[in-house]
Amino acid sequence: MNAPDEDETINVNYNIMCLSREEGIKWIKKERLPAFLESDCYFEYRLAKLVSQVRWSKSGMNFTVGSNFSPWIVKKPPSLPPPATEED
């Protein structure tokens, strides 16, 4: 058999990094959580939490939802840049 060309070889090396629990939680909050909060998975999770609060009764459905529950993320409007000051 012929040896594969250099650009046809597959690099199978990888690095493993072990984090403490606290470092792992910080990394997740910084790197993964923002994307998850904007994903369809998070929307479905919040919707499932809302639907799970539905209680069935003989007269029909009865919704019990906490007053502070919001299934959507309230995005803050971008802040305006500070006014430019002219220097003489």
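By the naming in an unreviewed UniProt entry, the protein is RGS22 isoform 14, taken from Pongo abelii.

1. Comments concerning the overall build of the protein
Helix and strand content of the protein: two helices and two strands. The order of α-helices and β-strands along the protein, N terminus first, is α-α-β-β. Expressed as a percentage of the 88 residues in the protein, the buried residues total 6%. With the model as given, the accessible surface of the protein reaches about 9400 Å², and the carbon-plus-sulfur share is 57%.

2. With respect to the packing of aromatic side chains
Applying the stated criterion across every chain, the model contains two aromatic pairs. Both rings, one in F36 and one in Y42, keep their centres 5.4 Å apart while their planes meet at 70 degrees; by these two values the pair is edge-to-face. Aromatic ring contacts, followed pair by pair, group F36, Y42 and Y45 into a single cluster.

3. Remarks on the confidence of the model for the protein
Looking at the protein, pLDDT values average 76 and 55% of them are 70 or higher. Within the protein, helix α1 (residues 21–37) carries the highest mean pLDDT (91), whereas strand β2 (residues 60–63) carries the lowest (64).

4. Regarding a nonpolar patch on the surface
Residues M17, L19, W27 and I28 make up a contiguous nonpolar surface patch of roughly 440 Å² in combined accessible area. Tracing the chain through its elements places W27 in helix α1. With a relative accessible area of 44%, W27 lands in the partly exposed category.

Calculation criteria
- Residues numbered from 1 in each chain as written.
- Predicted model: local features only at pLDDT ≥ 70, side-chain atom pairs only at ≥ 80, totals over all residues.
- Heavy atoms only, no water.
- Helix = DSSP H or I, 4+ residues; strand = E, 2+ residues; numbered from the N terminus.
- Buried < 20%, exposed > 50% of the residue type's maximum accessible area, 1.4 Å probe, protein only.
- Areas by Shrake-Rupley, 256 points an atom, 1.4 Å probe, with all protein chains shown as cover.
- Phe/Tyr/Trp six-rings, centres within 6.5 Å; stacked < 30°, edge-to-face > 60°.
- pLDDT = per-residue confidence, 0-100.
- Patch = residues over 30% accessible without salt bridge, like charges linked within 9 Å, V, L, I, M, F, W, Y side chains within 5 Å.
- Salt bridge = Lys/Arg side-chain N within 4 Å of Asp/Glu carboxyl O.

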